[in-house]
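Next come the chains, spelled out residue by residue.
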Amino acid sequence: MKSKAREEIATSVVIIGGGPAGLTSGYELMKHGVKAIVLERADKVGGISRTESYKGYRFDIGGHRFFTKVGEVKAIWQEILGDDFIQTPRLSRIYYDGKFYDYPLALFKTLRNLGLVRSFLIVISYLRAKLKRYLGLSSTPQTFEDWVTDCFGARLYRIFFKTYTEKVWGIPCNQIRADWAAQRIKNLSLKEAVINALFGSKNSKSLIKTFDYPRLGPGMMWERCQEILEEHGTPVHLNTEVVRVEREGRRIHTVIAKQGDRNFELTGDHFISSMPVTALMHRLHPPPPDYVLAAARGLTYRDFLIVSLILDRAYLFPDNWLYIHSPEFKVGRIQNFKNWSIAMVPDANKTCLGMEYFCSEGDGIWEMTNTQLIELASQEILKLNLGVKASDIEDGCVIRQYKAYPVYDGEYRRHLKVLEDYIRGFENLQTVGRNGMHRYNNQDHSMLSALLAAKNILGEEHDIWNINVERSYHENFTDQEWAQLKQKTAESRADRKSLTPAA
Ligand SMILES: Cc1cc2nc3c(=O)[nH]c(=O)nc-3n(C[C@H](O)[C@H](O)[C@H](O)COP(=O)(O)OP(=O)(O)OC[C@H]3O[C@@H](n4cnc5c(N)ncnc54)[C@H](O)[C@@H]3O)c2cc1C
């Protein structure tokens with residue numbers, strides 16, 4: 001951008017946010033020669049999937065596995081990173097009541113850890129839940145607590161689901177909607193759960209044993225994507241915050257972006273937004289009706305921070321991450337980034353642990369200073385039975401992430417429906433991604449919504465608000481069906497000669 005007090009820029013598509021969703025829309029449009037521009041508020045791309053670094057130690061905002069059943073998403077990851085996309089074996093355990101449990105639970109080890117009496121009670125409570133369901137005495141689960149209790153029994157729920165889930169969300173499990181469990185644990189059928197519990201996860205198709213990972217962390221994917229976009233005429237402007245989105249009725253005509261002291265006016269034919277949908281509603285001008293703003297205010301988020309500790313230890317434990325279920329610890333999960341990719345540490349004799357704290361802006365943890373947080377994380381790592389000594393801890397740093405999790409509370413569905421209906425009414429605005437649609441999505445489904453939004457601009461017709469339906473459609477494709485779809489898409493691309501070529 002040129003250094004003018006208020007510059008006007010005209011483009012075909014304005015994309016708000018340079019996270020996985022925004023960049024994916026840009027990537028798809030770039031491939032089809034459509035002129036687009038990406039505006040990113042932060043000083044780097046990647047959003048929640050960025051990689052931060054401190055003294056050469058690289059770390060994610062929580063470990064980011066790359067796993068998908070959506071072929072088109074996987075193809076994009078491969079195209080962007082090629083050989084830098086490595087395969088990482090998965091190992092993670094649960095820490096509860098002073099002991100480590102394999103995750104997924106392996107029967108004999110779990111029983112040994114729990115002891116005979118507790119194990120017996122767990123089996124009884126599991127059978128009771130099954131019997132209740134068999135006799136038709138259980139109603140449709142409404143909350144996370146109901147859903148898990150219905151599947152696994154009350155005791156297993158209390159030990160392996162309740163404390164960790166409440167750490168993550170900061171609200172009791174009986175206030176979290178069952179949708180969350182259904183979305184995250186859905187593919188694990190009851191039959192598989194039992195097989196897992198009895199024989200370990202190798203018999204399960206749902207719980208994967210390896211995952212893909214960029215050699216230098218997830219940010220590498222998105223930084224490389226940014227380079228490709230810029231090389232091919234799609235600028236990505238960092239440190240550029242969208243402060244106003246101007247509309248006339250249900251048509252967006254201009255976006256006002258702020259870069260330092262300078263403001264820019266961007267006009268476009270189409271607008272794709274991956275910023276939090278609540279913030280978007282408050283930036284619309286003229287503002288939306290009061291009932292829409294009230295719905296936006298009704299949606300809430302959970303924030304997150306990670307304390308990365310640098311330890312003078314070559315080896316600590318083999319897991320990629322550990323879940324800390326014990327309620328006496330504030331830390332929720334511990335990442336060992338070296339076990340994701342050795343290139344994440346600059347010195348193979350050291351270890352970098354990411355101590356993850358789930359919190360909410362303004363609460364006790366969030367309000368602690370960085371020094372206090374490093375002290376808390378150090379105390380907790382010493383108390384956990386991981387063999388760390390005080391003299392091992394060399395240094396630490398803190399990264400905070402606002403709006404890390406869209407919250408699925410009892411009211412969210414009603415509020416989100418209001419926003420969805422309002423946004424659907426726009427001629428040229430699509431919201432995509434995790435916070436853009438208030439969906440608890442991983443990168444792949446955040447990207448899928450963005451990919452389909454771009455395809456809509458290219459002339460296809462996808463209902464991105466019903467992406468779950470669309471997703472399972474994609475996931476169930478055979479290779480032959482995929483080939484047919486690609487052929488059809490290629491033909492429709494050939495018909496689209498009137499697209500604006502990239503600048
Ligand atoms: C702890 C944790 C662990 C996770 N683990 C995994 C995992 O293992 N695997 C996985 O696939 N996914 C994981 N995820 C989910 C993943 O991070 C998200 O799905 C993904 O980052 C969402 O991409 P997005 O582009 O929709 O949103 P975001 O990543 O939130 O990106 C949105 C972008 O918009 C920018 N923005 C916001 N407002 C404005 C504005 N006004 N103007 C300009 N720009 C703006 C933001 O700065 C941001 O860069 C995890 C998430 C968390 C919190």
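Residues numbered from 1 in each chain as written. Predicted model: local features only at pLDDT ≥ 70, side-chain atom pairs only at ≥ 80, totals over all residues. Heavy atoms only, no water.

Student: Give me the pairing of strand β18 (residues 333-336): which residues, what numbers.
Tutor: Alternating positions in β18 separate into two faces, Arg333 and Gln335 on one and Ile334 and Asn336 on the other, with burial throughout. Pairing of strand β17 (residues 321-324) with β18 involves 3 bridges; the strand directions are antiparallel. Paired with Trp321 across the strands is Gln335, a residue of β18. (Buried < 20%, exposed > 50% of the residue type's maximum accessible area, 1.4 Å probe, protein only. Helix = DSSP H or I, 4+ residues; strand = E, 2+ residues; numbered from the N terminus. Pairing = 2+ DSSP bridges.)

Student: Please provide a residue-by-residue account of the pairing of strand β14 (residues 270-273), values included.
Tutor: A regular strand carries its side chains on alternate faces of the sheet. Relative to β14, strand β2 (residues 13-16) is paired through 4 bridges, and the arrangement is parallel. Note that in β14 the partner of Ile16 across the bridge is Ser273. As paired elements, β14 and strand β21 (residues 429-431) share 3 bridges and run parallel to each other. What sits directly across from Phe271, in β21, is Leu429.

Student: A description of unusual backbone geometry should follow, citing residues and the corresponding values.
Tutor: In this chain, His285 is followed by Pro286 through a cis amide linkage whose omega measures -5°. Following the sequence through the fold, Pro286 ends up in the loop between β15 (284-285) and α11 (290-298). For His438, which is not a glycine, the phi torsion comes out positive at approximately 50°. Within the fold, His438 resides in the loop between β21 and α15 (443-457).

Student: Quick rundown of the confidence of the model for the protein? Include the residues and the values.
Tutor: Per-residue confidence for the protein gives a mean pLDDT of 87, with 85% of residues at or over 70. The low-confidence segment residues 472-479, where pLDDT is below 50, has 8 contacts with residues more than four positions distant or belonging to other chains. (pLDDT = per-residue confidence, 0-100. Contact = heavy atoms within 4.5 Å.)

Student: I'd love a proper account of the pattern of salt bridges, names of residues and values included.
Tutor: One side chain can pair with another of opposite charge once the charged atoms of both are near each other. Evaluation of the coordinates by the stated rule reveals 26 salt bridges. Close ionic contact of Arg283 with Glu241 constitutes a salt bridge, the shortest N to O distance being 2.8 Å. Of this pair, Arg283 sits in helix α10 (residues 277-283) while Glu241 sits in strand β11 (residues 241-248), and the two are 42 residues apart along the sequence. By relative accessible area, Glu241 is classed as partly exposed at 25%. Linked through salt bridges whose partners overlap, the residues forming this network are Asp43, Lys44, Arg50 and Glu52. (Salt bridge = Lys/Arg side-chain N within 4 Å of Asp/Glu carboxyl O.)

Student: Give a detailed account of α15, specifying residues and quantitative values.
Tutor: Each turn of an α-helix holds 3.6 residues, which means side chains three or four residues apart point in the same direction. The first and last C-alpha atoms of α15 sit 21 Å apart over 15 residues, in line with the 21 Å expected at 1.5 Å per residue. At the exit of α15 stands Gly459, carrying a positive phi of roughly 110°. (Expected span 1.5 Å × (residues − 1).)

Student: Requested: an account of the site of the ligand, with residues and values cited.
Tutor: In the region of the ligand, 33 residues are neighbours, and Glu40, Ser49, His64, Arg65 and Asn441 sit closest. Arg65 places a polar main-chain atom, nitrogen or oxygen, 2.7 Å from an oxygen atom of the ligand. A distance of 2.8 Å separates an oxygen atom of the ligand from a polar atom in the backbone of Arg434. Structurally, the shell around the ligand is a two-domain feature, drawing no fewer than three residues from each of domain 1 (7-86 + 215-299 + 410-495) and domain 3 (301-406). (Near = heavy atom within 4 Å. Polar contact = N/O pair within 3.5 Å; in protein donor to acceptor, adjacent residues only side chain to side chain. Domains from an automatic or database assignment.)

Student: Provide a residue-level description of the nonpolar core, including the pertinent values.
Tutor: Counting residues in each nonpolar core, the largest one holds 116 residues, and the members touching the most others are Leu29, Trp222, Val255, Leu266 and Met281. If sequence neighbours within four positions are ignored, Leu266 has contacts with Ile9, Val14, Ile37, Leu39, His253, Thr254, Val255, Ala257 and Phe271. Counting 28 residues, the second-largest nonpolar core is a separate cluster that includes Val307, Leu311, Leu322 and Leu386. (Core = buried A, V, L, I, M, F, W, Y, C linked by side-chain atoms within 4.5 Å.)

Student: So what's going on with the environment of Phe271? Residues and values would help.
Tutor: The topology assignment puts Phe271 in strand β14. A residue is classified by how much of its surface remains accessible, and Phe271, at 2% relative accessible area, is buried. Setting aside its immediate chain neighbours within four residues, Phe271 contacts Val14, Ile252, His253, Thr254, Val255, Leu266, Asn428, Leu429 and Gln430.

Student: Now, about the sheet that holds β21: what can you tell me, with residues and values included?
Tutor: Reading across from one edge, β10-β3-β2-β14-β21 is the order of the 5 strands in this open sheet, with parallel pairing throughout. Two strands lie at the open edges of the sheet, namely β10 (236-237) and β21, each paired on one side alone. Pairing analysis gives 2 bridges linking strand β3 (residues 36-39) to β10, with the strands arranged parallel. Looking at β10, one finds that Val38 is bridged to Val236.

Student: Talk me through the sheet that holds β18; I want residue IDs and the actual numbers.
Tutor: Taken in spatial order, the 7 strands of this open sheet run β8-β7-β17-β18-β19-β16-β20, and their pairing is mixed. Either end of the sheet is taken by a strand with one partner, and the two such strands are β8 (99-103) and β20 (393-406). Between one strand and the next, the sheet's axes are offset by a mean angle of 25°, whatever the strand orientation. Taken together, the 10 bridges between strand β16 (residues 301-311) and β20 define a ladder with antiparallel strand orientation. By the bridge assignment, Phe304 is partnered in β20 with Gln401. Packing of helix α13 (residues 370-383) onto the sheet brings it into contact with β16, β18, β19 (351-359) and β20, and relative to β20 it is tilted by some 105°. (Axes fitted to C-alpha atoms, helices over the stretch in contact; angles between N-to-C directions.)

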